[in-house]
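# Survey of secondary and tertiary structure
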Amino acid sequence: MLNACICTIGDEILIGQIVDSNSAYIAEELDKVGIRIDKIVSLGDNYDVIVSEINQLFGKYSIIITTGGLGPTKDDVTKKALMHLSSSNEMIYDKRQSAIISNNSIQKGIHLSQTNKDQALIPDKCRVIPNKLGTAPCIYFSKNNSLIFSLPGVPYEMRFLLPDIIEIIGKNNFINSNVHRTLATYGIAESTLSDLLDKWEANLPDFIKLAYLPDPARGIRLRLSAYNGNRQLYSQIIDNQVKSLYSILSEKFIYGEEDDTLEKVVIGLLRKNKVSISTAESCTGGNISGLLTSVPGSSSVYKGSIIAYSNEIKENILNVKHETLNHFGAVSKECAMEMASGVRTICNSDFSLSVTGIAGPSGGTVEKPVGTVWIGIAGPSYCDAFLFRLSGDRLRNTIRSTANALNLIRLKLIDIS
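Residues numbered from 1 in each chain as written. Predicted model: local features only at pLDDT ≥ 70, side-chain atom pairs only at ≥ 80, totals over all residues. Heavy atoms only, no water.

### What to know about the layout of surface pockets
Quantified by volume, the largest pocket comes out at close to 700 Å³. As for the largest pocket, its lining consists of 21 residues, of which Glu28, Asp31, His180, Thr182 and Arg223 are closest to the centre. Elements that contribute at least two residues to the lining of the largest pocket include exactly α2 (22–32), β2 (36–43), β9 (179–185) and β11 (219–226). Per-element accounting of the lining of the largest pocket gives the leading share, four residues, to α2. (1 Å grid on protein atoms, 1.4 Å probe; cavity = no way out; pocket = protein on both sides within 12 Å on 5 of 7 lines; lining within 4 Å. Points joined across faces, edges and corners; volume = space filled by probe spheres on them. Helix = DSSP H or I, 4+ residues; strand = E, 2+ residues; numbered from the N terminus.)

What follows is the structure in structure tokens.
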């Protein structure tokens, strides 16, 4: 089985100025063709460090992929390091990349500087995958049974060039043998989920690995993986294990598979049942409506939202009773129900969601500490609210309140399906 190492280059990653999204994308794409990532490292823009670290990778990994350090500025030293590592004697112009750079300059109406021209310079012992979207090409060579590819760090350029890299790797007649299947769950704690699956997990075949992947916005995803074997056989076995998971957990906890999100599933259920929804948000500040409207096709089922952050808006727009706010407070079951009922009437929707709570870090009391959240649901001849006690910072409480609201309406929509 081929193994790989991803190496990101750039001071901006090490100081936290940018998030390394390239490694995640490369790892995911390589895994699809059966190449397992054993290591991911990040290096600064330092010639000696780059040479020393990459030298240690040769022979240990079948595939080495670097990103970054190939730009026109003086701190981009990767190409110089590659010249040394490939035992090249000189830099030469690649005709294909030179033509691309020249044509791009003409089309954009900008002066073709010497700095841009020099982007087509490559070490003479290296080969090139031309970059039609930018100036820096992909450079690659082999050494000590390792194949190393150096990609530009600009994400959309990297993504454009990666399929060519995978095609070159595929010429080694490597067979895709990795199988993954992911189920998305919500509404169950990780420890409870683990206890519930204890016997099932103990009986898993040794070649199947189970991973718990928690996320405050998406719940806990369960990923089943099998590596380096008969793909068709592994797929059949994992499919059977997934059926067992559905029988144990049911739709109460399993809301989707692979890249499904709660908002995507909710929109799908609304469309399936041919019903509409509206939202009234306080502590979530429009986060629910933002997620729902991010799903293509949501306009056919989503009516609108009122962000009622102040009591004045709750009372004057949503028609929450003045007595309710005075007696029970804005963070209460009564207020959540009246918010849900109010927005449903205003938007003329079949269903509605409301959220009111204390996200923090201040505003809590002994009776209503930070993390106290009420979520209301209103529907035809139905209105209720549910209490959640969350523990986290302001952002996490907002995210979890949003996810809990989406899951509540999901469960309600399943009941009417």
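### A closer look at the sheet that holds strand β16 (residues 372–379)
Taken together, the five strands give an open sheet; going across it, the order is β14-β13-β15-β16-β17, and neighbouring strands pair in mixed fashion. Where the open sheet ends on each side, the last strands, each with one partner, are β14 (302–307) and β17 (382–389). Neighbour-to-neighbour, the strand axes of the sheet open up by a mean angle of 15°, direction not taken into account. Set on the sheet, helix α15 (residues 333–347) makes contact with β13 (277–281), β14, β15 (351–357), β16 and β17; between it and β15 the angle comes to about 140°. Lying on the sheet, helix α16 (residues 394–416) is in contact with β13, β15, β16 and β17; it crosses β15 at an angle near 150°. (Pairing = 2+ DSSP bridges. Axes fitted to C-alpha atoms, helices over the stretch in contact; angles between N-to-C directions. Contact = heavy atoms within 4.5 Å.)

### A word on unusual backbone geometry
A cis amide bond links glycine 360 with the next residue in sequence, proline 361, at an omega value of 5°. At serine 87, a position not held by glycine, the phi torsion is positive, near 60°. Tracing the backbone through its elements, the reader meets serine 87 in the loop between α4 (78–85) and β4 (91–93). Its identity as a non-glycine residue notwithstanding, asparagine 145 has a phi of 65°, on the positive side.

### Here we look at the environment of glycine 187
Along the chain, glycine 187 turns up in the loop between β9 and α8 (190–196). Each C-alpha atom of the pair glycine 187 and serine 294 lies 23 Å from the other, and the pair is 107 residues apart in sequence. With residues up to four places along the chain from it excluded, the contact list for glycine 187 reads Phe253 and Asn407.

### Side note on the side chain of asparagine 22
As for its position among the elements, asparagine 22 is in helix α2. What makes asparagine 22 buried here is its relative accessible area of 6%. Those residues in contact with asparagine 22, other than ones at most four positions away along the chain, are Thr67, Gly153, Pro155 and Met158. (Buried < 20%, exposed > 50% of the residue type's maximum accessible area, 1.4 Å probe, protein only.)

### Side note on the nonpolar core
Grouped together as the largest cluster of nonpolar side chains are 30 residues, with contacts concentrated most on Leu270, Ile409 and Leu413. Mapped onto this core, the elements with two or more residues apiece are α11 (262–273), α12 (287–293), β15, β16 and α16. The residues contacting leucine 413, other than those within four sequence positions of it, are Val266, Leu269, Leu270, Asn273, Val275 and Phe351. (Core = buried A, V, L, I, M, F, W, Y, C linked by side-chain atoms within 4.5 Å.)

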